[in-house]
Amino acid sequence: MTTSSSSSRTFRLGVLNGDGIGPEIVPASVAVVDAAVTAAGGAPIAWHELPLGFSAIEEHGSHTPASTLKALEDLDGWLLGPHDSAAYPEPYRSQLNPSGTIRKHFGLFANIRPAKAFEGGNAVVPGTDLVIARENTEGFYADRNTYRGTGEMMPTPDVAIMHGIITRAGTEKIAHAAFQLARRRRRKVTIVHKANVLKLTTGLFRDVCREVGRQYPEVEVDDFHIDAMTVHLVRRADEFDVLVTENMFGDILSDLAGEIAGSLGIAPSVNSSDTHAMAQAAHGSAPDIAGQDKANPIAMILSSAMLLEWLGARHDDAHLTDAARRMEDGVARTVRGGMATRDLGGTAGCGQFTAAVVDAIRSGR
Ligand code: ATP
């Protein structure tokens, strides 16, 4: 780990706490980022808190106010907390939810979701270390695959119809993201589809991924149907490196992979385009444990580390890359030292666990 002496640039990051456990895990992540950036010798992050979710509905009449989207445009990146949009009052509940709104507004086509088991961390398949590259803007999530309106409709109260969209352009972008990722890892990409049934749509996805793969001859490629893939993950998740798949398959598979690696509470993600990136835990707002100091902040902390890594690579800033490493290392050492939240079989609260990670980063051990 390198220690840099000074920072050239102040990064401006947004903070959107969101709902449920968001106001616990997002501030926890801010504290860990601050500790890591300081330890890496970087300039302090300039944080900008912005309204989103229930509180934004109350204060601004929108779960994702236009002022929030406008403010995000001028920032280097942001931390998005989970939202409990299923519990919003109408008409907000029927609208495209906050993360969908932001992903669509900024064209964040790549949702990168690692699932990595920790030593001492309760994994179903120890040794799991894979990344899901989920296409984020089209596929079978009909609420975000159209320019205007949604791909879902009800011609009568008893009939509901949806459509899914796979495009060559959208698939090429996520496929390149997946193969580039694999090149920096163990050089294997698994394409997940359902081309035996959804022949035209996921068949196109599979074929375009394979075409793109030919540009990366050093990366090994295989493919599985989505249903078979769930079985392979439960049995031998430790044998996979990068999985590339469409929107809905990726959402489902990443919850499964997160749990296989130990807990949904440790599953991070970053959503990115070529120009913007957003840290977002793979899990939801966990309303059942909200406000009780029971949430595991690891997923949000590691998502924030992924954002710093993305920014470090994009701006060639070694301080941020170093800070990201320190965050990952601080979390791993804390878990290895025996501290765990309830979902990982321990008793630590969110606050206590966060303080231990900050301590581990500050002390460097
Ligand atoms: P969404 O559809 O918004 O992603 P979800 O329906 O998948 O949400 P979650 O909110 O992710 O559901 O919660 C699923 C289960 O996982 C709940 O029992 C919740 O308490 C647990 N859980 C989720 N995140 C965490 C966390 N960070 N720490 C501890 N438990 C969590």
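Above this text sits the structure in question.
Everything in this summary refers to the structure shown in the same document. All values reported here derive from a predicted model rather than from experimental measurement.

**Looking at the overall build of the protein chain**
Across its full length, the protein chain holds 11 helices and 12 strands. Taken over the C-alpha trace, the protein chain has a radius of gyration of 20 Å; the compact-globule value for 365 residues is 21 Å, and the two agree within 12%. C-alpha extents for the protein chain along the principal axes are approximately 55 × 50 × 40 Å. Taking all 365 residues of the protein chain together, the buried fraction comes to 55%. Intrachain contacts of the protein chain at a sequence separation of at least 6 include 74% that bridge at least 24 residues. If you sum the accessible surface of the protein chain, you get close to 15,300 Å²; carbon and sulfur atoms cover 52% of it. Looking at the protein chain, you have 35 positive and 44 negative side-chain charges, and the mean spots of the two groups are 4 Å apart.

**Observations concerning the packing of aromatic side chains**
Under the definition given, this model contains five aromatic pairs. Summarising the aromatic geometry, the rings of W78 and F106 are spaced 4.9 Å apart at their centres and angled 50 degrees between planes, so their arrangement reads as tilted. On the criterion of sequence distance, the pair formed by W78 in strand β3 (residues 77–80) and F106 in helix α4 (residues 98–106) is long-range, its members being 28 residues apart. No difference in accessibility class separates W78 from F106, as the two residues are buried. Both rings, one in F224 and one in F240, keep their centres 6.2 Å apart while their planes meet at 75 degrees; by these two values the pair is edge-to-face. Residue F224 is located in strand β9 (residues 220–225), and its partner F240 is located in the loop between α7 (226–236) and β10 (242–245); the two are separated by 16 residues in the primary sequence.

**Thoughts on the pairing of strand β4 (residues 110–116)**
Every other side chain in a regular strand lies on the same face of the sheet, so the side chains alternate between the two faces. Counting buried positions over the seven residues of β4 gives six, a clear majority of the element. Two elements, β4 and strand β5 (residues 129–135), share seven bridges in a ladder whose sense is antiparallel. Residue pairing for β5: I112 is matched across the bridge by A133. When β4 meets strand β11 (residues 270–272), the two strands line up antiparallel, connected through three bridges. From the neighbouring strand, I112 faces β11, where its bridge partner is V270.

The rules behind the values
Residues numbered from 1 in each chain as written. Predicted model: local features only at pLDDT ≥ 70, side-chain atom pairs only at ≥ 80, totals over all residues. Heavy atoms only, no water. Helix = DSSP H or I, 4+ residues; strand = E, 2+ residues; numbered from the N terminus. Rg over C-alpha atoms; globule rule 2.2 N^0.38 Å. Buried < 20%, exposed > 50% of the residue type's maximum accessible area, 1.4 Å probe, protein only. Contact = heavy atoms within 4.5 Å. Areas by Shrake-Rupley, 256 points an atom, 1.4 Å probe, with all protein chains shown as cover. Lys, Arg positive; Asp, Glu negative; His and termini not counted. Charge placed at Lys NZ, Arg CZ, Asp CG, Glu CD. Phe/Tyr/Trp six-rings, centres within 6.5 Å; stacked < 30°, edge-to-face > 60°. Pairing = 2+ DSSP bridges.

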